[in-house]
Amino acid sequence: MKPRGREVLRVKRLFKTFGSVPACRAVSFSLRQGEVLGIVGESGSGKSTLLRCLAGRIQPDDGTVLIASDDYVVDLWAMDEASREQFVPTTVSLIHQNPRDGLRLEISAGGNIAEPLMAAGGRHYGSLRATALEWLEKVDIDGRRIDDLPEVFSGGMQQRLQIARGLATHPRLVLMDEPTGGLDVSVQAKLLDLLRSLVLELGIAVVVVTHDIGVARLLADRLMVMQRGRVIEEGLTDQVLDDPHHPYTQLLVSSVLHV
Amino acid sequence: MEADLIFDDDAIGYSFAYLDEMTKRMIRRAILKAVAVPGYQVPFGSREMPLPPGWGTGGLQVTASILGRDDVLKVIDQGADDTTNAISIRQFFAKVADVVTTERTGEATIIQTRHRIPERALTEDQIIVFQVPNPEPLRRFIPEEAVARKIHAFGRYGVMYVRLYEDISRLGYVAMSADYPVIVNGRYLASPSPIPKFDNPKLHRSRALAIFGAGRERRIHAIPPFTDVNSLDFVDHPFTVQHFETCCSVCGAQDSYLDEILLDDRGTRAFVCSDTAYCAEQRDKRIDA
């Protein structure tokens, strides 16, 4: 069991509907430093909407999102837009399923890692460069490729680069939306290893959204199962997956193919 | 102002300085706002001018709005007083406002310019008006106007440093040589119009008021006198200006911005001052001495 830090995120009765379609209904949970929360559920169950509400991208209709900073707690959707724009990039990092959504393809790999650092006020080229190199190494990309465009990278490399870009600013909260989606299984396995070691090393709080039970089992300490915008089951990952109570969770677990 | 109003419109068929009084008032209000918020782009209702957009309609409207009967006007294009654009704008105001025009930087009270700031230091009783093709320095990175305005509002200019980072990592230096973005008064990111970066330091704590007019984009921004203007750079890669190995082949000036001129088809070339008035001044000094 990993040591648990202080609470980083607390979500209270979050609601979001798109027209008549409910995406999140009364979602509540909390997350501590060093903890990984998995959210599983079928397409359209509201996982990604929830993540976007936490990332400051979509305003929820109701409910609160509390994020702890160094010495204060902020209510993400109660503060004004300017403060939120200031707060979110330095505290929360969103990793997209498709690396093309999270990277700037027209600038170099190093530039991609340096950009959020420069947005946070980094004005020393040498140290930006050093940080970029350090992170490329961490995510297992050859440092000589620092000036290559992400366009020429493979899908797995692009995803690793996106992770480097997302973590270089030392966010307290990392939100991952299907981080291994669209990658072949051996690359997935490597990426999962990388994510696991980074999470352990940095002690960040992670919410990982996935529809892949295997990913959830490997990465997540706790699991939340969503269906039609509601949290229908939650608990420790092993507990939920080995002894599912809700019929939908049972279906989900039983539909995994065993080779 | 009163003098403008009693101007006899019938004599030449135009309002003083071409624009009608209400339009000038609207533009003056935009200018006042721009001066009050240094570097901030103020929208204004740009008018059709007897000049194609892109030829300086923004500068033309600003000049028309601030011109008084006692003003002495100088117009330069790429530093030169004798290019087509400069001559036609100068003649235009000589005709519609009946103002005195000059080629001497020191004599002018209003200087309308495209692509240069005169070499001779400007004084507090002068106003320099820039013709601006693209007032939005973020445009190259942020195509959406709404997003760009938010970035200005929140002052989050990190994205601009990406360009600097990319240039240094690829070339070892920042390759932008003109229209080099600046932070005005420690707050707003602004485009200094396509002046060579050689001229950027002249904007810093300049004694003269600088007004930038973009006619097609309908924006006015300004740098009031004695305002801090800092060109973007990294701590370990400070901003530098162009340096010339040679001096002007006409006047011998070593401190001016030089244009390269091809003299024949065998590659013979010469460097001369781009600021023609400054060049003439230096030449006269040399003859006197």
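Residues numbered from 1 in each chain as written. Chains lettered and ligands numbered in written order. Predicted model: local features only at pLDDT ≥ 70, side-chain atom pairs only at ≥ 80, totals over all residues. Heavy atoms only, no water.

J.: Can you tell me about the overall build of chain A, naming the residues and giving the values?
T.: A tally of helices and strands in chain A yields 10 helices and 10 strands. In terms of overall size, chain A behaves like a compact globule, its C-alpha atoms giving a radius of gyration of 18 Å where 259 residues would be expected to give roughly 18 Å. Taken across its 259 residues, chain A has 53% of its residues classed as buried. For chain A, the share of sequence-separated contacts (at least 6 apart) that also reach a separation of at least 24 residues comes to 66%. Counting every atom, chain A has about 11,600 Å² of accessible surface; 50% of that belongs to carbon and sulfur. (Helix = DSSP H or I, 4+ residues; strand = E, 2+ residues; numbered from the N terminus. Rg over C-alpha atoms; globule rule 2.2 N^0.38 Å. Buried < 20%, exposed > 50% of the residue type's maximum accessible area, 1.4 Å probe, protein only. Contact = heavy atoms within 4.5 Å. Areas by Shrake-Rupley, 256 points an atom, 1.4 Å probe, with all protein chains shown as cover.)

J.: Tell me about the pairing of strand β7 (residues 173-177) of chain A, residues and numbers included.
T.: Side-chain positions along a regular strand alternate between the two faces of the sheet. Residues and elements named next belong to chain A. Counted residue by residue, β7 has 5 buried out of 5 residues, so it is predominantly covered. Going residue by residue along β7, you find L173, L175 and D177 tucked away on one face and V174 and M176 tucked away on the opposite face as well. Note that strand β6 (residues 92-95) and β7 share 4 bridges and pair parallel. Its bridge partner being in β7, L94 is matched across the sheet by L175. Here β7 pairs with strand β8 (residues 205-210) via 5 bridges, running parallel. Residue M176 lies in a different strand from β8, and its bridge partner there is V208. (Pairing = 2+ DSSP bridges.)

J.: Tell me about the side chain of R104(A), and name the residues and values.
T.: On the secondary structure map, R104(A) appears in the loop between α3 (99-102) and α4 (109-119). Those residues in contact with R104(A) that lie beyond four places of it in its chain are N112(A), E115(A), P150(A), F141(B), I142(B) and V159(B).

J.: Please set out the interface of chain B and chain A residue by residue, giving values where relevant.
T.: Across the boundary between the two partners, chain B contributes 18 residues, which contact 23 residues of chain A. Interface area for chain B against chain A, summed over the two sides, is near 1,800 Å², with a carbon-plus-sulfur share of 60%. On the surface where chain B and chain A come into contact, there are 1 salt bridge. Between K150(B) and E81(A) there is a salt bridge, and its shortest N-O distance comes to 2.5 Å. Contributing elements (two or more residues each) for the side of chain B that touches chain A: α6 (145-154) and α7 (158-171) of chain B. The biggest single contributor to the side of chain B that touches chain A is α7(B), with 8 residues. For the side of chain B that touches chain A, the class distribution of residues is 10 nonpolar, 3 polar and 5 charged. (Buried area = accessible area lost by both parts, 1.4 Å probe. Salt bridge = Lys/Arg side-chain N within 4 Å of Asp/Glu carboxyl O. Nonpolar A, V, L, I, M, F, W, Y, C, P; charged D, E, K, R; others polar.)

J.: Run through the sheet that holds strand β6 (residues 182-184) of chain B, naming residues and quoting values.
T.: To summarise the sheet geometry, strands pair through backbone hydrogen bonds and adopt either a parallel or an antiparallel arrangement. Residues and elements named next belong to chain B. Read from one edge to the other, the open sheet built from 3 strands follows the order β7-β6-β10, with strand pairing classed as antiparallel. The two strands at the open ends of the sheet, each matched to only one other strand, are β7 (188-190) and β10 (229-231). Ignoring which end each strand starts from, the neighbouring axes of this sheet average 30° apart. Relative to β10, β6 is paired through 3 bridges, and the arrangement is antiparallel. Its bridge partner lying in β10, I183 is registered against N230. (Axes fitted to C-alpha atoms, helices over the stretch in contact; angles between N-to-C directions.)

J.: So what's going on with helix α10 (residues 247-254) of chain A? Residues and values would help.
T.: All names here are of chain A. Buried within α10 are the following residues: Y248, T249 and L252. Seen from one end, α10 has its buried residues packed into an arc of 100°, which puts them on one side. Away from its buried face by more than 90 degrees, α10 exposes P247, L251 and S254. Lining the buried residues of α10 we find β3 (36-40), α8 (213-219), β9 (222-227), β10 (230-236) and α9 (237-242). (Arc of directions from axis to C-beta.)

J.: Which residues make up the domain arrangement of chain B, and what values do they have?
T.: All names here are of chain B. Parsing chain B into structural domains produces domain 1 (2-139 + 169-231) and domain 2 (243-289). In this assembly, 14 residues from domain 1 lie in contact with 11 residues from domain 2. Carbon and sulfur atoms make up 50% of the area that domain 1 and domain 2 hide from each other, which totals about 950 Å². In this structure, the connection of domain 1 to domain 2 is made through 1 salt bridge. Between E281 and R120 there is a salt bridge whose closest N-O contact spans 3.4 Å. (Domains from an automatic or database assignment.)

J.: Now, about unusual backbone geometry: what can you tell me, with residues and values included?
T.: Residue and element names in this part refer to chain B. In this structure, N185 is a non-glycine residue whose phi angle is positive, near 55°. You can see N185 is positioned in the loop between β6 and β7. A relative accessible area of 46% means that N185 is categorised as partly exposed. Even without being glycine, R205 reaches a positive phi, approximately 50°. Tracing the backbone through its elements, the reader meets R205 in the loop between α8 (200-203) and β8 (209-214).

J.: Residue-level account of the pairing of strand β4 (residues 62-68) of chain A, with values.
T.: All names here are of chain A. Bridge count for strand β1 (residues 7-18) against β4 is 5 bridges, and the pairing is antiparallel. Bridged to L9 within β4 is I67. As judged from the 3 bridges shared by β4 and strand β5 (residues 73-75), these two strands associate in the antiparallel manner. Across the sheet, the residue bridging to A68 is V73, located in β5. Where β4 folds back on β5, the antiparallel hairpin that results is connected by 4 residues.

J.: Residue-level account of α4(A), with values.
T.: Burial analysis of α4(A) places 10 of its 11 residues in the buried class, which makes it a mostly covered element. Three or more residues of α4(A) are buried, namely A109(A), G110(A), G111(A), N112(A), I113(A), A114(A), E115(A), P116(A), L117(A) and M118(A). For α4(A), the secondary structure elements touched by its buried residues are α5 (125-138) and α6 (155-167) of chain A together with α7 of chain B. One or two residues past the end of α4(A) sits G121(A), with phi positive at roughly 110°.

J.: Give me the state of the cysteines: which residues, what numbers.
T.: Taken as a whole and assessed by the stated rule, the structure comprises 0 disulfides over all chains. Between C53(A), a cysteine without a disulfide, and C24(A), which holds the nearest cysteine sulfur, the sulfur-to-sulfur distance is 5.3 Å. By relative accessible area, which is 0% here, C53(A) ends up buried. We note that C251(B) lacks a disulfide partner, and the nearest cysteine sulfur, in C273(B), lies 3.6 Å from it. (Disulfide = S-S within 2.5 Å.)

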